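Breakdown of the fold
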Amino acid sequence: MRRTGQPIALYGGVSAVEPMEADTPTEEHWPVSVKGVLSWNGRAVVLRNDRGEWELPGGRLEASDDSPQDALRREIGEELGVDAEIGSLVDSWIYDVEGKRVLILTYACEATQPEVLSHSDEHTDVGLLTAAEFSDAPIPSGYLRSLERALGD
């Protein structure tokens with residue numbers, strides 16, 4: 001069934017969404033993006049994308065990746081310059097963004113905090129935000145839910 005609207009929870013419950021109009025085009029195959037919740041001292045790492053939103057570090061799988069976890073480890077290394085350990089899957093949801101549907105898989109991650117947190121040129125900024133700061137930040141609701149699940153807030 002073709003749908004649109006707010007994120008569809010695939011892990012830990014399903015939420016209802018508005019049906020799409022009959023003439024709305026959809027992709028037959030959706031991209032998959034792996035994201036990580038990486039935090040230190042109660043602050044989670046987020047990156048600002050070109051839409052001005054905060055998002056979790058990560059990205060799409062490549063043909064050379066052996067698993068979603070390997071893809072996430074590679075992406076975190078490229079985006080933040082840190083070597084992360086990828087833990088368990090904490091959330092999965094479908095994100096409708098810029099006319100496309102993307103399956104988001106979110107994992108808990110651990111890494112040693114660098115002295116200076118930097119970001120690649122794929123993003124415009126990097127931040128360490130507390131749960132309270134997320135409520136006022138421009139961040140998609142699916143990422144907020146993933147953060148709450150991973151951080152236990």
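Residues numbered from 1 in each chain as written. Predicted model: local features only at pLDDT ≥ 70, side-chain atom pairs only at ≥ 80, totals over all residues. Heavy atoms only, no water.

A few points about the overall build of the protein chain
A count of helices and strands for the protein chain gives 3 helices and 8 strands. Written out in order from the N terminus, the α and β elements of the protein chain read β-β-β-β-β-α-β-β-β-α-α. Counting over 153 residues, the protein chain shows a buried share of 42%. Restricting the contact set of the protein chain to residue pairs at least 6 apart, pairs at least 24 apart contribute 63%. (Helix = DSSP H or I, 4+ residues; strand = E, 2+ residues; numbered from the N terminus. Buried < 20%, exposed > 50% of the residue type's maximum accessible area, 1.4 Å probe, protein only. Contact = heavy atoms within 4.5 Å.)

With respect to the nonpolar core
Core analysis: the biggest nonpolar cluster contains 17 residues, and Leu-38, Leu-72, Ile-76, Leu-80 and Ile-86 have the highest contact counts within it. Here this core gets 4 residues from one element, more than from any other, and that element is helix 1 (residues 68-80). Beyond its immediate sequence surroundings of up to four residues, Leu-80 is in contact with Leu-38, Val-45, Leu-47, Pro-57, Leu-117, Ser-118 and Val-126. Val-37, Trp-54, Trp-93 and Phe-134 belong to the second-largest nonpolar core, a separate cluster that totals 16 residues. (Core = buried A, V, L, I, M, F, W, Y, C linked by side-chain atoms within 4.5 Å.)

On their own, these measurements won't tell you what the molecule is for.
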